[in-house]
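# Fold and geometry: a report
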Amino acid sequence: MSQDLPSQAVASAVPDPRRRTRSYPDAGEVARLLQPSYPVYCLRPHVFERTARAFVEAFPGTALYAVKCNPHPAVLRALHAGGVHAFDTASLGEIARVAETFDAAECFFMHPVKPRPAIASAHRVYGVRAYVVDHIDELRKLAQQVRHDPEVTVFVRLKTVESAGAFYHLSAKFGAEDAAAAEMLAEVAHLGMKPGLAFHVGSQCLEPEAYATALEQVGAVAARAGVALSAVDVGGGFPAVYLGTQAPEIGDYMAAIRRGLDRLQLPESCRVLSEPGRALVADGQSVLVQVLLRKGSQLYINDGVYGSLSEMTAASVRYPVRLIRVEKGQVITSTAPEEIFDAHGPTCDSLDMIPKAFRLPADIREGDWIEIDRVGAYSNALATDFNGFRPDTFVEVRNEPPGGL
Ligand SMILES: Cc1ncc(COP(=O)(O)O)c(C=O)c1O
């Protein structure tokens, strides 16, 4: 029971996938009723569900949710309610979590480097029938572990040209060059499994055309291998809208993907997949943090770079925020003019500092809360235990996100 602990208590471990989180009207009520001195994640299942439904309806194929982005069971359940019934998983732990949350959900094991026992368990225990590789030795390892199961689709992950706008370039670590990819693709077919191609244009990709370009590469590699593709996976990378982000509309991405697919003239039976993470979950979650001390324009708060806010330094993300003050049992708003504040996280480490983090009313003071919006992606998923400060309390709220959409 972590969501309604008294403020002195220490939050607990991994959430039980079947447990329901407590629901409040909004984050103001969370502050008023719980008076939390620890960060509280405010999940908005209706927003996750709505976003998922819009993506699923627009994408010309099957959308797999990238579990790594936010694996909380309430998030998975809301996405599932919005029509996402298949999942991009990168570890046996994620596969187990999906299996424990849903009676029937399809998992794709999309980490290009996997331990042998993890492949064996995924295949035999969890019935996983799709895997990715980017090296011939991994392909051989996989073929041995799944015993050349003809039901298995093996995606060869391509190294794509990096999209200039992306936060993280995911081809730096994984992906095969075209010639090697074509050889592997032919080998997948030769080994008796189903050949597929996958790529990832980079997280928070701001160029829809990157997908069309990568699909052209898919066509060239498949032609070079002389193989009819069983599946094409366009990966993740679809952006969220943060402060100062000029992100194209999601429809522009879908149009670029449709254009790229049309040119490929794929066989009717070929499955088209995507692996969105950030775009599905960024908007559906805020985090309520408290000001512990103010030194001029520096706010010492109870969450930071080692907790939910690592993307504020790693990728210069800036989130919409609002001040929540509770006085005499009432939530009140400040009318003071706004100023820019630096944020300092709770750990003793001086990397845990975020310059120019928030624009907030100038009279903000110790004990006030800040609702930081759009932190659904890569926040709780990346939070650490460093200094004993891992944020671990989740509630549901029913209002619309304060940052708007
Ligand atoms: C293989 C793979 N698929 C999907 C994703 C999700 O990407 P995004 O959150 O940018 O949509 C990632 C992110 O790291 C990834 O590595």
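In this text the structure is predicted, and so the values were computed from the model without any measurement. In every chain, residue numbers begin from 1 and rise along the written sequence. pLDDT decides what is reported in this predicted model: residues at 70 or higher carry local features, side-chain atom pairs at 80 or more are listed and counted, and totals for whole chains, interfaces and linings draw on all residues regardless. Only hydrogens and water are removed before side-chain values are computed, so all heavy atoms of the structure are retained for them.

### Regarding helix 7 (residues 178-190)
For clarity, the cut-off: In DSSP terms, a helix is any run of H or I states spanning at least four residues, a strand is any run of E spanning at least two, and both are numbered starting from the N terminus. Here the expected span of a helix is defined as 1.5 Å times the quantity of residues minus one. Using a 1.4 Å probe on the protein chains alone, a residue whose accessible area is under 20% of its type maximum counts as buried, one over 50% counts as exposed, and one in between counts as partly exposed. Here the arc refers to the directions that run from the helix axis out to each C-beta atom.
The first and last C-alpha atoms of helix 7 sit 18 Å apart over 13 residues, in line with the 18 Å expected at 1.5 Å per residue. Within the sequence span of helix 7, burial applies to A181, A182, M184, L185 and V188. Mapping the buried residues of helix 7 onto a view down its axis gives an arc of 165°, with all of them on the same face. Opposite the buried face of helix 7, by more than 90 degrees, sit the exposed residues E183 and H190. Following helix 7 by one or two positions, G192 has its phi on the positive side, about 95°.

### What to know about unusual backbone geometry
A negative phi angle is the norm for most residues apart from glycine, just as the trans form is the norm for most peptide bonds. Of note, Q204 is a non-glycine position whose phi angle comes to about 60°, a positive value. Checked against the element boundaries, Q204 lands in the loop between strand 8 (194-198) and helix 8 (209-225). Judged by relative accessible area, which is 0%, Q204 ranks as buried. Of note in this structure, Y378 is not a glycine but carries a positive phi near 55°. Relative to the elements of secondary structure, Y378 occurs in the loop between strand 17 (369-372) and strand 18 (393-397).

### Remarks on the environment of T101
Going by this rule: Pairs of N or O atoms within 3.5 Å make up the polar contacts considered here, provided that, within protein, one atom can donate a hydrogen while the other can accept it, and that residues adjacent in sequence are counted only when both atoms are side-chain atoms.
One can find T101 in helix 4 (residues 92-101). Note on T101: relative accessible area 11%, which makes it buried. On a C-alpha basis, the gap between T101 and R77 in space is 7.5 Å, while along the polypeptide they are 24 residues apart. Within polar-contact distance, the side chain of T101 engages the backbone oxygen of R97 at 2.7 Å.

### Looking at the packing of helix 5 (residues 116-124) against helix 6 (residues 136-145)
Note the threshold: Here, axes are lines fitted to C-alpha atoms. For helices the fit covers the stretch in contact, and angles between N-to-C directions go from 0 to 180 degrees. Each angle gets one of four labels, with under 35 degrees taken as roughly parallel, over 145 as roughly antiparallel, 65 to 115 as roughly perpendicular, and the rest as oblique. When the near helix sits turned anticlockwise from the far one by under a right angle, the crossing is termed left-handed; a clockwise turn instead gives a right-handed crossing. For this analysis, residues touch if any pair of their heavy atoms sits within 4.5 Å.
Packing of helix 5 against helix 6 brings their axes to within 9 Å, and their N-to-C directions diverge by 45°. Between helix 5 and helix 6, the angle is such that the two are oblique. Viewed along their axes, helix 5 and helix 6 form a crossing whose handedness is right-handed. Counted together, R116, I119, A120, H123 and R124 of helix 5 and E138, K141, L142, Q144 and Q145 of helix 6 form the full contact between these two elements.

### Remarks on the state of the cysteines
Disulfides are covalent bonds that link the sulfur atoms of two cysteine residues. Convention followed: By disulfide we mean two sulfur atoms from cysteines, separated by a distance within 2.5 Å.
Under the defined criterion, the tally for this structure stands at 0 disulfides. For the unlinked cysteine C42, the closest cysteine sulfur is that of C69, found at 18 Å. With relative accessibility at 0%, the residue C42 sits in the buried group.

### Considering the site of the ligand
Note the following rule: One heavy atom within 4 Å of a molecule or strand makes the whole residue count as near it. Computed with a 1.4 Å probe, the accessible areas rest on the Shrake-Rupley method; for each residue, only the protein chains presented here act as cover. Throughout, the ten residues Ala, Val, Leu, Ile, Met, Phe, Trp, Tyr, Cys and Pro are labelled nonpolar, Asp, Glu, Lys and Arg are labelled charged, and all others, Gly among them, are labelled polar.
Taken together, the neighbourhood of the ligand is formed by 14 residues, with S203, G237, E275, R278 and Y378 sitting nearest. A distance of 3.0 Å separates an oxygen atom of the ligand from a polar side-chain atom of H200. At a separation of 2.5 Å, a nitrogen atom of the ligand approaches a polar side-chain atom of E275. In isolation the ligand exposes 400 Å². Once the protein is present, 91% of that is buried. Grouping the constituent residues of the shell around the ligand by class yields 4 nonpolar, 5 polar and 5 charged.

### Re the pairing of strand 6 (residues 130-133)
Successive residues of a regular strand alternate their side chains across the two faces of the sheet. Counted only if it meets this: Here a strand pair is declared whenever DSSP counts at least two bridges between the two strands. Orienting the strands away from the viewer, one traces the path from the first strand over the helix to the second; a clockwise path indicates a right-handed crossover.
Burial along strand 6 is two-sided: the residues A130 and V132 and Y131 and V133 are all buried. The sheet contact formed by strand 6 and strand 7 (residues 153-157) spans 4 bridges and is parallel. Bridge pairing links V132 to F155 in strand 7. Crossover connection from strand 6 via helix 6 to parallel strand 7: handedness right-handed.

### Looking at the UniProt feature "modified residue: N6-(pyridoxal phosphate)lysine" (unreviewed entry) in the protein
Quick reminder of the rule: UniProt positions are given in the numbering used here, feature names are shortened, and annotations may be inferred rather than shown by experiment.
According to UniProt, the "modified residue: N6-(pyridoxal phosphate)lysine" (unreviewed entry) feature falls on K68. Along the chain, K68 turns up in the loop between strand 3 (62-66) and helix 3 (73-81). Classification of K68 by relative accessible area gives partly exposed; the value is 37%. The residues touching K68, leaving out its near neighbours within four places in the chain, are D88, A90, E94, Y378 and A381. There is a polar contact of 3.3 Å between the side chain of K68 and the side chain of D88.

### So, the pattern of salt bridges
Pairing is possible between side chains of opposite charge, provided their charged atoms come close. The line we're drawing: Should a side-chain nitrogen of Lys or Arg be within 4 Å of a carboxyl oxygen of Asp or Glu, the pair is scored as a salt bridge.
Scanning the model with the defined rule gives 18 salt bridges in all. A salt bridge links E29 to R32, with the nearest nitrogen and oxygen atoms 2.9 Å apart. One end of the pair is E29 and the other is R32, both in helix 1 (residues 27-34) and 3 residues apart, which spans about a single turn. Residue classification places E29 among the buried residues on the basis of a relative accessible area of 19%.

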